[in-house]
Amino acid sequence: MEEVLNLPDGRTLAYSHSGPSDSKLVLIWFHGLFSVGDASNPPKPIRDRNAQFIAPTLPGWGNTSPTLPSKTFAETAVADTLALLEHLRPQPSDDSLRIYVAGGSFGTVPTQIVFGAPYDRFPYGRYIVGMLLMAPFSPFREDVNYRKGLCWRDWISVGPLTRIVPGRMVQRLMKSALAGKVCDVASAEAFLQQEFFANMDEEEKARYAAWRERTGNAEGEFPRRMAEGMVKSVSVSWEGFLGVADAIHSDWGFKVKELDEEHARKPVVLALGRGDTSLTGMARFLEESYKNVQVKEYDGGHLASAWSMDEVLDEMFTAGGD
């Protein structure tokens, strides 16, 4: 069930959470594009460890207010996560709390921002023990070669063009092109089928079928839930979508290659599909930049690692000592 938190800056933060509220183990999941925070069905590794699962909705998506004009995306992501944890998990008097941060696709941007935030701005960072990045984005200010691997659509939607054309005109044109595809659940589901599911090769189709069987998802159930999230994500405004390129290109509040020892020693798990061409180069940059990295690659495209969610979550927990 979605809940809404009134924030100190006058904004609202939508979120979902499940699992024991007094658990010493917490996983925070940051969703990707055209989605909202949903912790209603935690994966098996989370349930097995009796962890609390927290899923905030990012700024400008669903029922979460957009970033204020006076604040950056990074400042907002850190402040929102801090407010949510203070609301749900008051800081313990000892070091018993263990937090993992994880995200998929665009959600890997706030995941890394929270992971790398200085402790004076994000005190809960002291309790973070590991990070999972699925189909990850790199910080474009550091990864000067990010554009080399982008497919034409990603080059237009988040690439250099968004820095040259003023007034978010590129993003607004993209919105116009996409609005009809997410106006209702049926349209969104057809869009997902065209973009992802219809393009799977036989290997990925088999992995997807095995995942459905393991998790008890009937044929068509997962795309339907995704489609419902897509419609909800832009039901209030498109500000989240319009700010995506700005967020990726902005100052994340830290540099990956310059993380202090306390941050750098924490394990990072990268998971990606070999056919996800736009993000493969970015994943390589992250692999070379973070100090304690494990990489999991799977045959398939943008959703390929999702079919091995249990495996990569187990990898993350094991790397962090849980």
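Summarised in this report is the structure supplied together with it. (Residues numbered from 1 in each chain as written. Predicted model: local features only at pLDDT ≥ 70, side-chain atom pairs only at ≥ 80, totals over all residues. Heavy atoms only, no water.)

1. Looking at the environment of Met174
Looking at where Met174 falls in the secondary structure, it is placed in helix α6 (residues 169-179). Along the chain, Met174 and Gly216 lie 42 residues apart, while their C-alpha atoms are 35 Å from each other. Discounting chain neighbours no more than four positions away, the residues touching Met174 are Arg153, Ile156, Ser157 and Phe241. (Helix = DSSP H or I, 4+ residues; strand = E, 2+ residues; numbered from the N terminus. Contact = heavy atoms within 4.5 Å.)

2. Re the packing of aromatic side chains
Given two aromatic rings, their pairing is described by the distance between the two centres and the angle made by the two planes. Scanning all chains against the criterion turns up 18 aromatic pairs. With a centroid separation of 6.4 Å and 40 degrees between ring planes, the pair formed by Phe197 and Trp307 is classed as tilted. Taken together, the positions of Phe197 in the loop between α7 (185-195) and α8 (202-215) and Trp307 in the loop between β8 (293-298) and α14 (309-319) put the pair 110 residues apart, joining distant regions of the chain. The exposure classification of Phe197 matches that of Trp307, with both residues buried. Relative to Phe222, the ring of Trp211 has its centre 5.0 Å away and its plane inclined at 70 degrees; by these criteria the two rings are edge-to-face. Taken together, the positions of Trp211 in helix α8 and Phe222 in helix α9 (residues 221-233) put the pair eleven residues apart, joining distant regions of the chain. In textbook terms, an aromatic cluster arises when at least three aromatic residues are bridged by ring pairs, as seen for Phe197, Tyr208, Trp211, Phe222 and Trp307. Note that Arg212 overlies the ring of Tyr208, its terminal NZ or CZ placed 4.6 Å from the centroid. (Phe/Tyr/Trp six-rings, centres within 6.5 Å; stacked < 30°, edge-to-face > 60°. Buried < 20%, exposed > 50% of the residue type's maximum accessible area, 1.4 Å probe, protein only. Lys NZ or Arg CZ within 6 Å of the ring centre and 35° of its normal.)

3. Focus: helix α13 (residues 277-289)
Spanning 13 residues, α13 covers 19 Å between terminal C-alpha atoms, matching the ideal 18 Å at 1.5 Å per step. When α13 is considered as a whole, its buried residues turn out to be Ser278, Leu279, Met282, Ala283, Phe285, Leu286 and Ser289. Down the axis, α13 shows its buried residues gathered within 160 degrees of arc, on one side only. Summarising the contacts, the buried residues of α13 are in contact with α3 (108-116), β6 (128-134), α4 (152-158), β7 (268-273) and β8. (Expected span 1.5 Å × (residues − 1). Arc of directions from axis to C-beta.)

4. Section: the side chain of Ser157
Assignment of secondary structure puts Ser157 in helix α4. The residues contacting Ser157, other than those within four sequence positions of it, are Thr162, Met174 and Ala245.

5. Some remarks on the pattern of salt bridges
In total, this model carries 22 salt bridges according to the counting rule given. Note that Glu195 is salt-bridged to Arg153, the shortest N-O span being 2.6 Å. Of this pair, Glu195 sits in helix α7 while Arg153 sits in helix α4; the two residues are 42 residues apart in sequence, bridging distant segments of the chain. The partly exposed category is assigned to Arg153, whose relative accessible area is 37%. Among the ionic contacts, a cluster of salt bridges with common partners joins Arg274, Arg284, Glu287, Glu297 and Asp299. (Salt bridge = Lys/Arg side-chain N within 4 Å of Asp/Glu carboxyl O.)

6. Topic: the packing of α7 against α9
Taken N-terminus to C-terminus, the directions of α7 and α9 make an angle of 120 degrees; their axes are 8 Å apart at the nearest point. Taken together, the axes of α7 and α9 lie oblique to each other. Read as a crossing pair, α7 and α9 show a hand that is right-handed. From α7, Val185, Ala188, Glu189, Phe191, Leu192 and Gln193 reach across to α9, where they touch Pro223, Arg224, Met226, Ala227, Glu228, Met230 and Val231. The residue makeup of the contact of α7 with α9, split by class, is nine nonpolar, one polar and three charged. (Axes fitted to C-alpha atoms, helices over the stretch in contact; angles between N-to-C directions. Parallel < 35°, antiparallel > 145°, perpendicular 65-115°, else oblique. Left-handed = near helix turned anticlockwise from the far one by under 90°. Nonpolar A, V, L, I, M, F, W, Y, C, P; charged D, E, K, R; others polar.)

7. A look at the pairing of strand β2 (residues 12-18)
With respect to burial, β2 is a largely interior element, five of its seven residues being buried. Summarising the sheet, strand β1 (residues 3-6) and β2 pair through four bridges and their orientation is antiparallel. Note that in β2 the partner of Asn6 across the bridge is Thr12. Connecting β1 to the next strand, β2, in antiparallel fashion are five residues, including Gly10 with a positive phi near 90 degrees. As paired strands, β2 and strand β4 (residues 52-56) are joined by four bridges and run antiparallel to one another. Of the residues in β4, the one forming a bridge with His17 is Ile54. (Pairing = 2+ DSSP bridges.)

Distances and angles like these do not, on their own, reveal function.
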